[in-house]
Amino acid sequence: MRANLLVVLLILLAGIGASLLLIPHSAELALQKFRDRDYDSARDAYEQRYAAGDRSGATVMPLTRLTLAQGDVERAIELTEGFLAAEPSSVEARELLDRLYQDAQRPGDRLENLKALAEMRNSADLFRELAYAAGFRNRMAMRAEALVRYCTLRPEDVEAQQELAALLAARGDPAGAVDWLLRADDRATGNIQPDSRELLMSLLIDLDREDEAYERARRWLGEQPTVADMIGLASQLAAASRPDLGLRLIEPQVTGPQVIGPQGNGRAHELALELTYIDLLIAADRREQARARLSALSGPVEDAQFGRLLALEVNAGMPRAALEATRGRDLRLVPDWVLAGLAETALRDGDQAFPDRLYRELGDGFLDDYPILAANIALGRGDPAAAAGWAERALAGDGLAGKGLTMGDRLGAIRILDRTGHRAAAVAAFDRLPLSGTVPEDVLEELAALFIDFDRAPAGLAWFTARRQATPSPAAAQGWARLAAKSGDPAAVADWLAGQPKLPLALLQDIAGSAAERASANPAANRPAAALALAAAQRAFALDPSPRSRLALAGALTASGKPADALPLLAPLLDGGGAEVEAAYIAALDGAGRSEELARHLTAKLARGNLSDADQQAIVTMLLDHKAYRAALPLLRAWAERQGGEWLSVYADAAVKADALPDLAALLQGRAAAAPLAEAEDSLYRDTLTRLGRKADLRRYLLARATDDRLPADRRREPVSALLALGDKAGAEQALQRLAAGQGPQSEDFRQLAYLWGPRPPASGLDWIEARAKAAGSPAEQAAWYERLADYGGGRRVIAGLGGQGLGGQGAAPALKTPYIEALAAAGKGKELAAAVRAALADEAAPDRLRRYARLAEQTGQRAAASQAWTALLARKPDDADALRQLGMLAYDENRLADAERLLRRYVAAGPDDYEAHYFLGEALTALKRPTVAIPFYRTALSQLRARATRGDAAIQTEANLLNRLGKVDDAVALFEGLRKRRPADRQLKADYASMLIENGRLPEARRVLALP
C-alpha cells in the first residue's frame, strides 16, 4: 500500500514540474506582448528585466526601440551606449546609435560613432560619409584619414583623390598631396581638374622636382598641342613661380622651324600664343627679348588682344610705345591699371593731353580705383579742392576691401593734402603711416622731406638711422643726412659730406638750410651746425649760383659768425625777394651789429605807410621767425580776439612757444562761454587744457559741449569719444542719453549708448529704456522701446509693464501686443501667450504678425492658439500657403478628414514642392474611401520625393508607401527589402512592412517577414 502511495506521489510531482515548464518566462512574455503590439506592457516588462541586470541584446535592443517609439530619444541613446560599452563589436548597435545621434542632433557624438562603425564595416561609403561629417565639424585630421581609407577602397574615384590631395597640401603634407595627385592623374590619363594641375605643378616645384613637373606638363600637352593647351599649361607653370619652365615648354612651338617669319619658315602661330610667350619672357626677366618681339609685331591688333598688348608693353618698359598705340583706339579696351600707369607716365613727362582724354572719355567712374592719379590730374587742371578730395578719399579707403595703397601713393596723397592747404589732415595721415615694414628705396627722399616738413625730424632721424644700419643704401644715407642736419649730430653729417664728392643739389640746399636754422637759433651751442651749413651752402652755390643758393649761403655765413660777408650776397635779392630774404637780411644786419641800419630798414618800411594787412603780418612773421614770441603776443592776441580764425592759431602757436598757455586757455574759455567754439577752436582748447594737465576742466568742457543744444547733433556726438578716452564713462553715458532721449530706439545715438552698456545693460540702463517706453508719445514708439527692452534682457519688465495695460484682453493698442507676446514666448509662458494671442487676433490685420503669432504659439506647444492664429491669417489672406498647409495638417492629425482635404487641396493647387502635403492629402482621401481621387496626389508626391538630391531611410520608406498606394506593390516590396537589409533589427520597419503585405493579401510573405530574426 505504501508503495502505491509513493508511486502516486511521484506521478503528481512529475506533472507539477511539467506544468511549470509550460509557464512562459519573463523574456517570452515581453516578446509576446511586443508582437501583440502591447507596447506599454512590453516596455514595462523589458524595463523590469533591464533593472534586474539583464544587459543582453535580447533585452536592450527591443527596449531601445520601444523607448524610441515612445519618443524618448535620450533614453534610447543611454541604453544603446550602455550596451556598446559591454558589446563594443556589435555592428547592429553601432548602426542604431548612429541613427539615434542623428535624431538627437548630436553631430559630435555621431562623428566618433561613425568612425568606429566605418572601421568595423570597412565600408567605402561609410568612410566617405565620415569624411563629409568630419569636414563639417572642422576635424580635418579625421577627414584626411577617412579620405585616405575611402580612396584606398575606391581607387577609381579620381575626384576624391584630388580632394584628398588639396586637403593634405593645406595641412602641410606636400609629398602626400603629390602622391595622390599623381595617382589621380595617371588614373584619369592626364584629365584631372585644371586647379589640380596647377596645385600639382606648384607642389612639385616646391619639392624641388622641377623636371618631373615639366615632364608632367609636356605629357599633358601631347604630340599635337593646341594653342589653348599650350597657353594654359605655360600659365600654370608661371603661376607656380616658374616662368622659365613655361618658356621651355612652349618655346619650340614659338621659335622652332615650323614658325613663319624671322624665326622660321613653317606654319604661323596665333597672336595669343606669341603674347603669352612675351609675357613669360617678362616674368623670367628677359625683357630685352620681350621688347624685341613686341617691336617686331606688325599691323594693328584686334580689339580682343589690344588691352593685353598694351599691358605687355608697359610691363616690358615701353610706356611711350603704349601711349602712341592708344591714339585712335577705344580706351575702354585697355585694363584700368594700364591706363593708370600710362597717365602717370604722361604726367611725369608734362603731357596733360592723355590724362585730359582719360578724364573726358572715362569720367570719374574710372578714377574711383586710382584716387592718387585723379588727384594729380585735378592739380594739373587747376582744381585744388578736387585734388584734396581725391587724396582724402584715397587715405580713407587705404586697407579697406583689399584697396591698400603703396607707400609711394600714401606719401603722394599726404603731399597733395599739404599742397592744397589741408596741413592738419596731412600731418595726421603722416603720423598713421605703417613704417614698421619694408619701405621702398624710391620713396625715401620724399619720406625724409615729409618728416622735416611736418616737424617730425627726431622721429625721422631715428627711423633712418635704423634703416641705414639694417639696409645700407645711398637713398637711406641721404635721408639720414637730411634729418641729422635738422635734429641730429651736425659734425657727423659734415664728416659724411666730406666723403661724398658728388651729391644732388637739392640735398645740399636742404642740409644747408636745416643746419643754418639750427645755428641761428643758438649760435654759441651750435657751432658744428654753422660749419655744416657753410660747407653745404658753398658746395650748392658752386653747383648752381641761383637766388636760392645765394640766400642759403648768406644764411650759412650769418650762422657761422660771418654776417658781414652775407650782406653783399643778400643786397641784390632785396627788391622783390620776399619775406625770407627780408628775414635773412635782418638777421645778417643783427649779426653784424648794424643795429642802426636794421632800425632804419624797419622804420623806413613802416614810414612808407599804407601798409597792407599782409605787410603788417609779414613784420609779425619776421618777429616770430626770430623767436621774439613775447614781443609779438600782445599784437597777436588783439588780432585773435578781433578776427579769430587763423590769427587765433598763430597766437596759439606763439603762446605755446612763449610758455603762455594759461593766457591762451583764458582766451578760449571766454570765447566758449559766449558761443560754441568752431571746430578748430574746439580742438585747440582741448589741446591746451591737455597740455596744462587740467583734466577736470577738460571733462567739464566736453560734457557742456556734448549737452549744448545750440550745437547740431553731429557736433554734440563727437565729445562722447573724448570723454571715454578720458575715462569718463558716466559723462559719455549722460551725453548719449541726452542725445538719444528725443529719438527712437533705431537711432544711431541709442545704438552707441547700447554699445557702451554692452549686451547686458545695468539696471539703470534698463530703467532708462523702460522710462523712454512709458514716456513714448505713440503706441508704435512705445512698442519699439519695449522691443529693445526685451532684447537687452528686460523681458520680465516688458511683461510687467504691458501686462498691466490689459494686453491679455481685447481693446488694447495692437502695436503693443507684439512685444508683449514676444516677451511671453521668450519667458516660456505658454498659457499667457495663448491668451494674449487670442486677444490679439480680434483686431490684428497684418498677415506677418498673425503668422508670427501662430509660429510662437506652435513653439510654445499651444496648438489651439496656433490654429486660431492660422485661421485668422487665412481669413485675411485666403491664399496664404503657410496657413493652408498648417491648418490642413492639424485637421488631418485631429482626424477631421474633410477639413484636411479642403485645406490641403487649396494649398497644393499652387503647385508647391511639398511631397508631404501631397501625401497626406492622398491619405485623407483614401481614409474618406476615395482612393481613386487620391492617386494623382500620390503620384505628385512620389515625383517630388524622387527629385530630391538626398533621401534618407525615412524618405525611402515613404516612397515605398506611395508605391503601395499606387498599386506598385512589387516595387514597394523591393524598397522595403532594401531597408530591411540595412536595418534588420528594426522591428517597427518589419511591422510596417508586414502590414503592407497583409493589406495586399500577401500573407505568406508577411509571415516570413515577421518570422525573421
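Conventions we followed
Residues numbered from 1 in each chain as written. Predicted model: local features only at pLDDT ≥ 70, side-chain atom pairs only at ≥ 80, totals over all residues. Heavy atoms only, no water. Helix = DSSP H or I, 4+ residues; strand = E, 2+ residues; numbered from the N terminus. Areas by Shrake-Rupley, 256 points an atom, 1.4 Å probe, with all protein chains shown as cover. pLDDT = per-residue confidence, 0-100. Contact = heavy atoms within 4.5 Å. Buried < 20%, exposed > 50% of the residue type's maximum accessible area, 1.4 Å probe, protein only. Polar contact = N/O pair within 3.5 Å; in protein donor to acceptor, adjacent residues only side chain to side chain. Expected span 1.5 Å × (residues − 1). Phe/Tyr/Trp six-rings, centres within 6.5 Å; stacked < 30°, edge-to-face > 60°. Lys NZ or Arg CZ within 6 Å of the ring centre and 35° of its normal. Core = buried A, V, L, I, M, F, W, Y, C linked by side-chain atoms within 4.5 Å. Domains from an automatic or database assignment. Salt bridge = Lys/Arg side-chain N within 4 Å of Asp/Glu carboxyl O. Axes fitted to C-alpha atoms, helices over the stretch in contact; angles between N-to-C directions. Parallel < 35°, antiparallel > 145°, perpendicular 65-115°, else oblique. Left-handed = near helix turned anticlockwise from the far one by under 90°. Nonpolar A, V, L, I, M, F, W, Y, C, P; charged D, E, K, R; others polar.

## Re the overall build of the protein
Right, so step 1: For the protein, the helix and strand inventory stands at 59 helices and 2 strands.
Right, so step 2: Per element, the accessible surface of the protein, about 50600 Å² overall, is 52% carbon and sulfur.

## Quick word on the confidence of the model for the protein
Right, so step 1: For the protein, mean pLDDT is 79; residues scoring 70 or higher make up 87% of the total.
Right, so step 2: Looking across the protein, the model is least confident in strand S2 (residues 264-265), with a mean pLDDT of 38, and most confident in helix H53 (residues 897-908), with 92.
Right, so step 3: Within the model, pLDDT remains below 50 along residues 15-27, and this stretch shows 3 contacts once partners closer than five positions in the same chain are excluded.
Right, so step 4: Contacts from residues 258-268, a stretch scored under 50 in pLDDT, to residues over four places away or in other chains number 24 contacts.

## Re unusual backbone geometry
Right, so step 1: Here the phi dihedral of Asn 138 falls at roughly 60°; this positive angle occurs in a residue that is not glycine.
Right, so step 2: Following the sequence through the fold, Asn 138 ends up in the loop between helix H8 (124-136) and helix H9 (140-153).
Right, so step 3: The exposure class of Asn 138 is exposed, given its relative accessible area of 57%.
Right, so step 4: Positive phi values are uncommon outside glycine, yet Lys 929 reaches one of about 65°.
Right, so step 5: If you trace the backbone, Lys 929 turns up in the loop between helix H54 (915-927) and helix H55 (931-946).
Right, so step 6: Residue classification places Lys 929 among the exposed positions, given a relative accessible area of 72%.

## Some points on the side chain of Arg 686
Right, so step 1: For Arg 686, the location among the structural elements is in helix H40 (residues 679-692).
Right, so step 2: There is a polar contact of 3.0 Å between the side chain of Arg 686 and the side chain of Asp 682.
Right, so step 3: Beyond its immediate stretch of four places on either side in the chain, Arg 686 contacts Leu 698, Tyr 701, Leu 702, Arg 705, Glu 718, Pro 719 and Ala 722.

## Quick look at helix H16 (residues 271-283)
Right, so step 1: In this model H16 runs 18 Å from its N-terminal to its C-terminal C-alpha over 13 residues, within 8% of the 18 Å that 1.5 Å per residue would give.
Right, so step 2: Where H16 is concerned, the buried positions are Ala 272, Leu 273, Glu 274, Leu 275, Thr 276, Tyr 277, Ile 278, Leu 280, Leu 281 and Ile 282.
Right, so step 3: Here the buried face of H16 lies against helix H14 (227-239), helix H15 (243-255), helix H17 (287-296) and helix H18 (303-315).

## What about the packing of aromatic side chains?
Right, so step 1: Under the defined criterion, the tally for this structure stands at 8 aromatic pairs.
Right, so step 2: Note on Phe 976 and Tyr 993: the rings are 5.0 Å apart at their centroids and 5° apart in plane angle, and the pair reads as stacked. You can see Phe 976 sitting in helix H57 (residues 969-982) and its partner Tyr 993 sitting in helix H58 (residues 987-999), a full 17 residues away along the chain.
Right, so step 3: Taken together, the ring pairs connect Tyr 892, Tyr 919, Phe 920 and Tyr 938 into an aromatic cluster.
Right, so step 4: Seen from the ring of Phe 306, Arg 329 lies directly overhead, with NZ or CZ sitting 4.1 Å from the centre.
Right, so step 5: Across from the ring centre of Trp 480, 4.1 Å away, lies the NZ or CZ of Arg 468, which sits over that ring.

## Notes on the nonpolar core
Right, so step 1: If you look at the biggest cluster of nonpolar residues, it comprises 93 residues, and the most contacted ones within it are Phe 354, Ile 414, Leu 447, Phe 464 and Ile 511.
Right, so step 2: Each of domain 1 (443-488) and domain 2 (490-593) accounts for three or more of the residues forming this core.
Right, so step 3: Not counting the four nearest positions on each side in its chain, Phe 464 is found in contact with Leu 444, Leu 447, Ala 448, Phe 451, Ala 475, Ala 476, Gly 479, Trp 480 and Leu 483.
Right, so step 4: Counting 68 residues, the second largest nonpolar core, distinct from the first, contains Ala 131, Ala 177, Leu 245 and Ala 290.

## A few points about the pattern of salt bridges
Right, so step 1: Taken as a whole and assessed by the stated rule, the structure comprises 62 salt bridges.
Right, so step 2: For Arg 106, the salt bridge goes to Glu 81, with nearest N and O atoms at 3.7 Å. With a gap of 25 residues between them, Arg 106 in the loop between helix H6 (91-103) and helix H7 (107-121) and Glu 81 in helix H5 (residues 73-86) connect regions that are remote in the sequence.
Right, so step 3: Arg 106 gets classed as partly exposed once you look at its relative accessible area, which sits at 23%.
Right, so step 4: With a closest N to O distance of 3.0 Å, Arg 327 and Glu 324 form a salt bridge.
Right, so step 5: Judged by its relative accessible area of 59%, Arg 327 is exposed.
Right, so step 6: Given a relative accessible area of 43%, Glu 324 falls into the partly exposed group.
Right, so step 7: By sharing partners, the salt bridges in this structure join Arg 851, Arg 855, Glu 858, Lys 877, Asp 880 and Asp 882 into a single network.

## A word on the packing of helix H50 (residues 847-859) against helix H51 (residues 863-876)
Right, so step 1: Across the interface, H50 lies against H51 with an axial gap of 8 Å and an inter-helix angle of 160°. Taken together, the axis directions place H50 and H51 in an arrangement best described as roughly antiparallel. The chirality of how H50 crosses H51 is left-handed. Each of Pro 847, Leu 850, Arg 851, Tyr 853, Ala 854, Arg 855, Ala 857 and Glu 858 in H50 lies in contact with H51, whose residues at this interface are Ala 865, Ala 866, Ala 869, Trp 870, Ala 872, Leu 873 and Arg 876.
Right, so step 2: When its residues are assigned to classes, the contact of H50 with H51 shows 11 nonpolar, no polar and 4 charged.

## Remarks on the environment of Leu 339
Right, so step 1: On the secondary structure map, Leu 339 appears in helix H20 (residues 336-348).
Right, so step 2: For the pair Leu 339 and Pro 355, spaced 16 residues apart in sequence, the C-alpha separation works out to 9.2 Å.
Right, so step 3: Those residues in contact with Leu 339 that lie beyond four places of it in its chain are Leu 331, Val 334, Phe 354, Leu 358, Leu 362 and Phe 366.

## Re the environment of Leu 147
Right, so step 1: Looking at where Leu 147 falls in the secondary structure, it is placed in helix H9.
Right, so step 2: Exposure remark for Leu 147: the relative accessible area of 0% places this residue in the buried category.
Right, so step 3: Apart from the residues within four sequence positions on either side, Leu 147 is in contact with Arg 128, Ala 131, Glu 163, Leu 164 and Leu 167.

## Regarding helix H52 (residues 881-893)
Right, so step 1: Taking 1.5 Å per residue as the helical rise, H52 with its 13 residues ought to reach 18 Å, and the 18 Å between its terminal C-alpha atoms agrees with that figure.
Right, so step 2: Every buried residue of H52 is accounted for by Ala 883, Leu 884, Arg 885, Gln 886, Leu 887, Gly 888, Met 889, Leu 890 and Ala 891.
Right, so step 3: Looking at the buried side of H52, the elements it contacts are H50, H51, H53 and H54.
Right, so step 4: Capping the start of H52 is the job of one residue whose side-chain oxygen sits 3.2 Å from the backbone nitrogen of Asp 882: Asp 880.

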